Amino acid sequence: MTPKQAIFIAEYLADPNATRAAIAAGFSAAAARVTGARLLKNAKVRAALAQRTAQRVVNLDITADRTMAEAAKIAYYDAGRLFDKNGKMLPVSKLDEVTRAAVEAVEIDPDTGRIKKVTMAKKIPAITILAKFQKLLTDRVEHDGLVTLEQLVSGAESQAE
């Protein structure tokens, strides 16, 4: 593997844009688009990218279970856990793990240093991910069995006309 290919791989892993990675690796900017595409087809480059990506997955402990657990935290958080029994907002350090995982952003008032706004993650995308994983949202056709094959075929023919 050439030094330029090694740089391309590192750059591509940082930002999966082959054109940008080719330029950063020192290839001609004018031909970077073609060069980047060519490098992604190169067997040695592909193998190195696959190996480095697999190593990332191991190093970061990226698993299906962990990913689903994070989606579940967002899908099922209770916004009431942001507050104490008197209705006062808890500091982030006092939030439980599930509620912290669902906090998308915290805006601090620059004058007082107090929490001004908390933005929570959207639940619907997380619920959708979990529902798809559980195969609750699959495209399927249901019928009660009262339609004959001939009726289905003739119905398809009449709709096609």
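This text follows the structure it describes.
Residues numbered from 1 in each chain as written. Predicted model: local features only at pLDDT ≥ 70, side-chain atom pairs only at ≥ 80, totals over all residues. Heavy atoms only, no water.

## Points about the pattern of salt bridges
A side chain with one charge can pair with a side chain of the opposite charge if their charged atoms come near. Evaluation of the coordinates by the stated rule reveals six salt bridges. Among the salt bridges present, the one from Lys 73 reaches Glu 97, with a minimum N-O distance of 2.6 Å. Here Lys 73 is found in helix α5 (residues 64-76), whereas its partner Glu 97 is found in helix α6 (residues 97-102), with 24 residues between them in sequence. Under the relative-accessibility criterion, Lys 73 is labelled buried at 15%. In this structure, Glu 107 and Lys 116 form a salt bridge, with 3.7 Å as the shortest nitrogen-oxygen distance. For Glu 107, a relative accessible area of 37% translates into the label partly exposed. Among the charged side chains, a salt-bridge network with shared partners connects Glu 11, Asp 15 and Arg 20. (Salt bridge = Lys/Arg side-chain N within 4 Å of Asp/Glu carboxyl O. Helix = DSSP H or I, 4+ residues; strand = E, 2+ residues; numbered from the N terminus. Buried < 20%, exposed > 50% of the residue type's maximum accessible area, 1.4 Å probe, protein only.)

## Some points on the packing of aromatic side chains
Tallied over the full model, the rule gives one aromatic pair. An angle of 20° between the planes, with centres 5.8 Å apart, marks the rings of Phe 8 and Tyr 12 as stacked. In this pair, Phe 8 and Tyr 12 are both assigned in helix α1 (residues 3-14), four residues apart and thus about one turn of the helix distant. Looking at Lys 4, its charged tip hangs above the ring of Phe 27, at a distance of 4.9 Å from the centre. Looking at Lys 123, its charged tip hangs above the ring of Tyr 77, at a distance of 4.6 Å from the centre. (Phe/Tyr/Trp six-rings, centres within 6.5 Å; stacked < 30°, edge-to-face > 60°. Lys NZ or Arg CZ within 6 Å of the ring centre and 35° of its normal.)

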